[in-house]
Amino acid sequence: MHPTDVSNPDYYHKVVDCQWACPAHTNVPEYIRLIAQGRYTDSYLLNRESNVFPGILGRTCDRPCEPACRRGRLEGEGPVAICRLKRVAADLRGDITDSLPKIPEKKNGKRVALIGAGPASLTVANDLMPLGYECVLYEKHGKLGGLMRTNIPAFRLPPAVLDEEIAMIMDMGVELHLNTPIESLKELLDDGGFDAVFVGTGAPRGKNLELPGRYDSDKIYIGIDWLESVAFEHLDSIEERVLVIGAGNTAMDCCRTSKRLGGTDVKVMARKPRDLFKASDWELEDAEGEEIEILENHSPVDFVVEDGVLKGMHFDIVEWHEGEDGRLASETLETIFLPCEAIILAIGQENAFPWIERGIGIDFNSWDMPIVDRTTHQSTRPGVFFGGDSAWGPENIIWAVEHGHQAAVSVHNHCQGVPLSERPPFGMNLVSQKMGMHEWSYSNDYDPENRTPMQYADLEERLKELNVEAELGYNLEETVREVQRCLNCDIQTDFTPVLCIECDACIDVCPLDCLTITDNGDEADLRGRLTAAAVNGDQDIYVSDALPQTKRVMVKDEDLCVHCGLCAERCPTAAWDMRRFELYIPYAGQPWPTTISTAPTTSL
Amino acid sequence: MTYITKPAVRHPALEKNALGLTRRDYEGAMSTLCAGCGHDSITASIIQAFFELAIPPHRAAKLSGIGCSSKATAYFMNEAHGFNGVHGRMPAIATGANAANRDLVYIGISGDGDSLSIGLGQLCHAIRRNVNMLYVLENNGVYGLTKGQFSASADVGTVSKRGEVNRHGPIDPVSLALTVGATFVARSFSGDRKQLVPILKAGLTHRGFAIVDVISPCVTFNDHEGSTKSYAHTRTHSYEVVQTDFVPLMTEITAEQDRDDVTAVTMHDGSTVMFRSVAEDYDPTDRDAALSFLRASQAKGEVATGLLYLEDSSEDMHAFENTVDRPLVDVPFGDLCPGSATLEELQKEWR
């Protein structure tokens with residue numbers, strides 16, 4: 001193998017599994033260390049740089065970071081509760097008014113229209129306002145937040161948290177038009193006088209279930225519409241027996257909301273077996289914690305309505321087999337009837353653009369979706385950009401935020417006459433964390449604790465009201481416990497081959513057998529003959545230059561390294577050093593973030 | 001030394017031996033030796049050898065004297081018996097322990113100071129008695145614990161860290177052992193685990209005194225230019241005379257080991273040690289030839305390594321002394337010490 005180029009930011013970035021997995025590349029280990037030091041405000045600000053809505057995401061994020069967490073690969077441990085620690089920073093932070101980006105008095109003369117006040121548009125405004133842009137935001141509802149407002153129930157995301165974080169952006173001077181649905185994009189483009197338009201209208205159309213009886217009762221709801229009605233207080237009750245069709249995260253929000261509006265017997269009905277559910281494990285557990293039954297392998301047949309009154313639904317109980325083509329096929333075992341008085345359909349959602357005219361330069365694909373460039377977010381009409389769920393269908397909030405950042409880069413390039421392909425690169429910095437002979441600036445000892453469970457509000461209390469937040473958040477004791485579980489994967493084991501005397505000390509002391517000195521070979525061969533075979537192909541192996549004495553190479557399998565720093569402590573020549581990797585993420589108009597927060601160089 | 005201990009978390013795919021133990025189960029306390037010390041590397045090889053042989057840790061005894069090397073017994077097999085004795089007196093203690101309980105596996109860790117200066121006589125007599133033990137001599141050519149004075153194994157012309165040149169001739173533990181009749185003599189290098197581990201395994205299996213001289217660079221006081229026991233010097237001046245492979249009992253002998261130039265020696269327990277002489281005409285079962293070969297390579301400034309001499313048919317201390325098979329610790333006290341009445345009877349014979 002060729003020697004690994006660690007000056008390419010991607011290499012060390014990939015070692016920080018959580019940061020690599022996060023669409024917005026939030027610097028997770030650093031913000032957890034800041035929490036550990038009690039610097040909640042700094043931790044919040046660091047979060048805000050990349051994910052813009054730490055308080056919201058600390059409660060609602062889909063957490064792609066957690067399944068990626070290295071601790072999850074160590075036996076019986078569970079990943080660090082990254083998301084819940086973010087909430088700690090948001091809940092305990094101080095006033096940050098002075099730390100928010102300053103908005104220039106003198107504008108740069110460019111106007112940008114943002115359609116839909118969800119996380120994607122808000123992120124674009126957040127990135128462009130400090131550069132002197134005039135941002136004009138159009139929202140069809142009377143309140144801001146998009147799906148964060150309409151689809152996430154108040155018991156998961158208190159409106160006050162939502163309002164506060166949106167206000168941080170609106171207070172930058174965004175021009176707001178509430179209750180203003182855009183009926184014609186052509187009109188906006190022709191008459192609006194905008195230099196760029198960003199479409200962040202989400203995926204607002206819930207999928208229907210066209211089965212017999214669908215339109216015979218008014219007690220059959222579309223999930224996201226029903227949640228929206230609840231959010232805007234058009235609805236405040238539901239019948240006692242409720243069936244929720246679907247097993248995604250929206251279904252979980254629907255069933256838990258039903259429980260709070262009068263549903264006593266609420267069942268979630270899924271066609272597929274549990275391991276194929278779209279809902280996150282923790283959302284399923286939260287629903288079950290509220291005495292909601294989740295039934296798998298139940299395929300809906302028809303709605304049973306008698307004299308205009310919904311009586312229930314027929315389901316096929318199915319078994320799944322993998323066919324020869326590798327696809328799952330179902331076999332019906334029996335058909336059953338389940339009585340109910342209301343049904344909520346939560347089987348997916350899709351984009352809808354009835355307000356975008358054809359023939360204005362925006363090409364649509366065979367699924368009638370606009371063609372959007374994956375990197376630049378630009379449609380086929382220059383100056384019109386898409387992001388969030390409206391770009392390529394439903395994702396989640398953190399993806400919407402990242403879309404917003406990328407679209408903002410594109411809008412900025414577009415307005416400054418720079419080709420969209422000229423995107424500012426990622427950068428990196430490495431700083432030694434050595435404090436003394438055997439002392440590091442971070443808490444390097446491995447903590448064997450298991451994941452700290454979340455405490456919930458009393459079941460009876462929280463089911464009484466819609467806005468009683470279900471999760472209590474970590475208290476100080478739980479926070480202190482959980483922050484210590486982070487492995488500090490951003491404190492990299494950095495190797496200087498020319499210093500190595502091949503004494504093997506690092507290899508012997510490594511608790512996870514990550515290191516090997518051996519003759520070089522091709523990757524497959526090398527992976528097989530390390531101290532412990534490197535079987536996880538998703539994780540890179542590091543290969544050094546030829547070592548001075550024997551011309552062999554130092555190889556490190558990054559997979560299970562717990563960043564304890566013992567290799568560096570036992571290295572007589574400091575060929576190994578523990579260096580803090582900082583990823584410099586480029587944002588619109590600022591190649592590197594202007595406020596780089598670093599932990600102070602004292603250990604906890 | 002380090003501030004934290006090696007975390008207990010281990011690789012999920014860690015291999016297990018016949019006892020169901022992993023290599024990590026053979027570890028000891030955190031080393032307090034200098035970072036990069038050759039002794040730590042030897043410790044890792046010892047751990048590997050005991051693990052691969054699946055020796056129950058509680059059936060092993062670790063013995064040592066004084067010196068950096070002698071601290072190393074603390075750094076492997078926490079579960080084993082241990083005795084840290086007076087400077088240079090480890091061989092006597094090992095002899096006594098072995099006399100009392102012949103069933104344990106004995107490993108003595110010593111250094112060039114402990115073995116070749118203050119304990120030279122002790123070492124010679126343990127060899128003479130052919131005490132059944134593995135004796136690892138961690139040889140760095142300096143007194144590291146007292147800041148790097150030349151030891152009795154320092155080569156003529158080697159330069160100390162402060163620039164002095166050594167003019168006393170060295171005592172070569174390998175030649176010495178051959179001279180006083182050792183039955184298992186090897187030399188290796190802490191930085192060559194591929195060679196060292198099979199030698200240690202063979203030495204642990206050998207019935208009798210197995211001495212392994214391991215060049216173990218002192219990273220603090222003897223790893224500079226001009227030193228003849230540095231990592232760099234040992235790597236450039238050592239050469240493998242005999243390649244050794246250890247084949248435990250019940251393991252199929254593979255084709256590669258069955259080659260013409262390979263000599264197989266069956267150990268008393270049925271396992272096999274395979275040799276392949278790299279140097280032409282070298283015979284690791286011929287003591288005289290081995291001695292003259294070593295003298296010649298020493299004169300050229302070369303460090304010959306490998307299992308240099310093996311004689312497994314010899315009798316060990318218990319055979320010489322004609323002791324019972326049962327370990328003496330397990331023999332009832334009344335049998336070991338029959339009492340004054342029996343003595344009275346015995347003495348009547350000479351009256």
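Owing to the predicted nature of the structure, the values given are computational and were not obtained by experimental measurement. (Residues numbered from 1 in each chain as written. Chains lettered and ligands numbered in written order. Predicted model: local features only at pLDDT ≥ 70, side-chain atom pairs only at ≥ 80, totals over all residues. Heavy atoms only, no water.)

(A) Molecular detail of the overall build of chain B. Looking only at helices and strands, one finds 12 helices and 13 strands in chain B. Radius of gyration (C-alpha) of chain B: 21 Å, near the 20 Å computed for a compact globule of 351 residues. By principal-axis analysis of the C-alpha atoms, chain B measures approximately 70 × 50 × 50 Å. Taking the intrachain contacts of chain B between residues at least 6 apart in sequence as the baseline, contacts between residues at least 24 apart amount to 71%. For chain B, the exposed surface amounts to about 15700 Å²; the carbon and sulfur share of it is 52%. (Helix = DSSP H or I, 4+ residues; strand = E, 2+ residues; numbered from the N terminus. Rg over C-alpha atoms; globule rule 2.2 N^0.38 Å. Contact = heavy atoms within 4.5 Å. Areas by Shrake-Rupley, 256 points an atom, 1.4 Å probe, with all protein chains shown as cover.)

(B) Structural context of the overall build of chain A. Secondary structure summary: chain A contains 21 helices and 23 strands in total. With the principal axes as the frame, chain A shows a C-alpha extent of 90 × 65 × 50 Å. For chain A, buried positions account for 57% of its 604 residues. Within chain A, counting contacts between residues at least 6 apart in sequence, those at least 24 apart form 71% of the total. As displayed, chain A offers around 24400 Å² of accessible surface, 49% of which is attributable to carbon and sulfur atoms. (Buried < 20%, exposed > 50% of the residue type's maximum accessible area, 1.4 Å probe, protein only.)

(C) Broad picture of the environment of Ile107(B). Residue and element names in this part refer to chain B. Secondary-structure assignment places isoleucine 107 in strand β3 (residues 105–111). According to the relative accessible area criterion, isoleucine 107 is buried, its value standing at 0%. Along the sequence, isoleucine 107 and asparagine 130 sit 23 residues apart, while their C-alpha atoms lie 14 Å from each other. Ignoring any residue separated from it by four or fewer positions in sequence, one finds isoleucine 107 in contact with Ile46, Phe50, Ala61, Lys62, Leu63, Phe76, Met133, Leu134 and Val136.

(D) Structural context of the domain arrangement of chain A. All names here are of chain A. According to the domain assignment, chain A consists of domain 1 (107–204 + 351–416) and domain 2 (206–348). The C-alpha-based centres of domain 1 and domain 2 are spaced at 31 Å. The interface is formed by 11 residues belonging to domain 1 together with 12 residues belonging to domain 2. Looking only at domain 1, the three residues that lose the most surface to domain 2 are Asn151, Phe155 and Arg156, adding up to 50% of its buried area. When the shortest N-O distance is used, the salt bridge between aspartate 253 and arginine 156 registers 2.7 Å. Classifying every residue of the side of domain 1 that touches domain 2 gives five nonpolar, three polar and three charged. (Domains from an automatic or database assignment. Buried area = accessible area lost by both parts, 1.4 Å probe. Salt bridge = Lys/Arg side-chain N within 4 Å of Asp/Glu carboxyl O. Nonpolar A, V, L, I, M, F, W, Y, C, P; charged D, E, K, R; others polar.)

(E) Main features of the sheet that holds strand β8 (residues 265–269) of chain A. All names here are of chain A. Strand order in this open sheet of five strands is β6-β13-β7-β8-β9, and the pairing throughout is parallel. Across the chains shown, the open sheet's two edge strands, defined by having one partner strand only, are β6 (220–222) and β9 (293–295). Strand-to-strand, the axes of this sheet are offset by a mean angle of 20°, without reference to chain direction. Here four bridges tie strand β7 (residues 241–245) to strand β13 (residues 342–345), and the two strands are oriented parallel to one another. Across the sheet, isoleucine 245 pairs through a bridge with leucine 345, a residue of β13. Running over the sheet, helix α12 (residues 223–231) touches β6 and β13 and is turned about 90° from β6. (Pairing = 2+ DSSP bridges. Axes fitted to C-alpha atoms, helices over the stretch in contact; angles between N-to-C directions.)

(F) Layout of the packing of aromatic side chains. Residues and elements named next belong to chain A. Going through the model one piece at a time under the given rule, you end up with 13 aromatic pairs over all chains. Between tyrosine 221 and tryptophan 226 the ring centres are 6.4 Å apart and the planes differ by 40°, which places this aromatic pair in the tilted class. A cation sits over an aromatic face here: arginine 93 above tyrosine 44, 4.4 Å from the ring centre. Note that arginine 374 overlies the ring of tryptophan 392, its terminal NZ or CZ placed 4.2 Å from the centroid. (Phe/Tyr/Trp six-rings, centres within 6.5 Å; stacked < 30°, edge-to-face > 60°. Lys NZ or Arg CZ within 6 Å of the ring centre and 35° of its normal.)

(G) Seen up close, the interface of chain A and chain B. Counting from both sides, the interface comprises 32 residues of chain A and, opposite them, 31 residues of chain B. Carbon and sulfur atoms supply 57% of the area that chain A and chain B bury against each other, a total of about 2600 Å² over both sides. Contact with chain B buries area across many residues of chain A, yet His438(A), Asp508(A) and Arg570(A) alone supply 23% of it, more than any other trio. Linking chain A with chain B are four salt bridges. For Asp508(A), the salt bridge is made with Arg193(B), and the minimal N-O distance between the two is 2.7 Å. Within the residue set of the side of chain A that touches chain B, elements represented by two or more residues are α19 (505–509) and α21 (566–569) of chain A. Among the elements that make up the side of chain A that touches chain B, the one with the highest residue count is α19(A) (three residues). Here the side of chain A that touches chain B is composed, by residue class, of 16 nonpolar, five polar and 11 charged.

(H) Up close: the pairing of β8(A). Residues and elements named next belong to chain A. Taken across its five residues, β8 has four buried, putting it largely inside the fold. Of the strand pairs in this sheet, β7 and β8 are connected by five bridges, and their pairing is parallel. Across the sheet, valine 244 pairs through a bridge with valine 268, a residue of β8. Handedness of the crossover joining β7 and β8 through helix α13 (residues 249–260) is recorded here as right-handed. Here β8 runs beside β9; their pairing, made up of three bridges, is parallel. Bridging from a neighbouring strand, valine 268 pairs with isoleucine 294 of β9. Chirality of the crossover, the property in question, places the unit of β8, helix α14 (residues 281–288) and β9 among those that are right-handed. (Right-handed = clockwise from strand over helix to strand, strands pointing away.)

(I) Layout of the packing of helix α3 (residues 90–100) of chain B against helix α5 (residues 120–129) of chain B. Residue and element names in this part refer to chain B. α5 packs onto α3 with a crossing angle of 30° between their chain directions and a minimal axis gap of 8 Å. Our classification of the angle between α3 and α5 gives roughly parallel. Residue-level inspection shows Met90, Pro91, Ala92 and Thr95 of α3 in contact with α5, the latter providing Gln122, Leu123, Ala126 and Arg129. (Parallel < 35°, antiparallel > 145°, perpendicular 65-115°, else oblique.)

(J) View of the sheet that holds strand β23 (residues 576–584) of chain A. Residues and elements named next belong to chain A. Across the sheet, which stays open at both edges, the three strands sit in the order β16-β23-β19 with antiparallel pairing between neighbours. Both outer strands of the open sheet, β16 (427–432) and β19 (491–495), are each paired with one neighbouring strand and no more. Neighbouring strand axes in the sheet, compared pairwise and without regard to direction, differ in orientation by 45° on average. Looking at chain direction, β19 and β23 are connected through five bridges and run antiparallel. Residue pairing for β23: aspartate 494 is matched across the bridge by aspartate 577.

(K) Layout of the nonpolar core. Residues Phe50(B), Phe184(B), Phe209(B) and Ile211(B) are the most contacted members of the largest nonpolar core, which totals 74 residues. When sequence neighbours within four positions are dropped, the list of residues in contact with Phe184(B) reads Ile199(B), Ala202(B), Gly203(B), His206(B), Phe209(B), Ala210(B), Ile211(B), Val212(B), Leu307(B), Tyr309(B) and Leu310(B). In terms of nonpolar packing, the next biggest core, distinct from the first, is built from 62 residues, Ala81(A), Trp440(A), Ile491(A) and Phe581(A) among them. (Core = buried A, V, L, I, M, F, W, Y, C linked by side-chain atoms within 4.5 Å.)

(L) The arrangement of a positive patch on the surface in detail. Together, Lys207(A), Arg271(A), Lys272(A) and Lys278(A) make up a region of like positive charge exposed at the surface. With respect to the secondary-structure elements, Arg271(A) resides in the loop between β8 and α14. (Patch = residues over 30% accessible without salt bridge, like charges linked within 9 Å, V, L, I, M, F, W, Y side chains within 5 Å. Lys, Arg positive; Asp, Glu negative; His and termini not counted. Charge placed at Lys NZ, Arg CZ, Asp CG, Glu CD.)

(M) A look at the pairing of strand β12 (residues 328–339) of chain A. All names here are of chain A. With 11 bridges connecting them, strand β11 (residues 309–322) and β12 associate as antiparallel partners. What sits directly across from glycine 312, in β12, is proline 339. Between β11 and β12, which pair antiparallel one after the other, the connecting turn spans five residues, and glycine 326 there sits at a positive phi close to 85°.

(N) Region of the structure containing α12(A). Residues and elements named next belong to chain A. Listed as buried for α12 are Gly223, Ile224, Trp226, Leu227 and Val230. Mapping the buried residues of α12 onto a view down its axis gives an arc of 160°, with all of them on the same face. Considering only its buried residues, α12 is in contact with α9 (147–150), β5 (205–206), β6, α13, β13 and β14 (349–350). Glutamate 233, located one to two residues past α12, shows a positive phi value of around 60°. (Arc of directions from axis to C-beta.)

(O) Up close: a nonpolar patch on the surface. Together, Leu92(A), Leu476(A) and Val480(A) make up an exposed nonpolar region whose accessible area comes to about 280 Å². Along the chain, the position of Leu92(A) falls in helix α7 (residues 82–92).

(P) Just the confidence of the model for chain A, in detail. On average, residues of chain A score 93 in pLDDT, and 98% of them are at 70 or above. Segment residues 594–604 of chain A: pLDDT under 50, and 28 contacts once partners within four positions in sequence are set aside and those in other chains are kept. (pLDDT = per-residue confidence, 0-100.)

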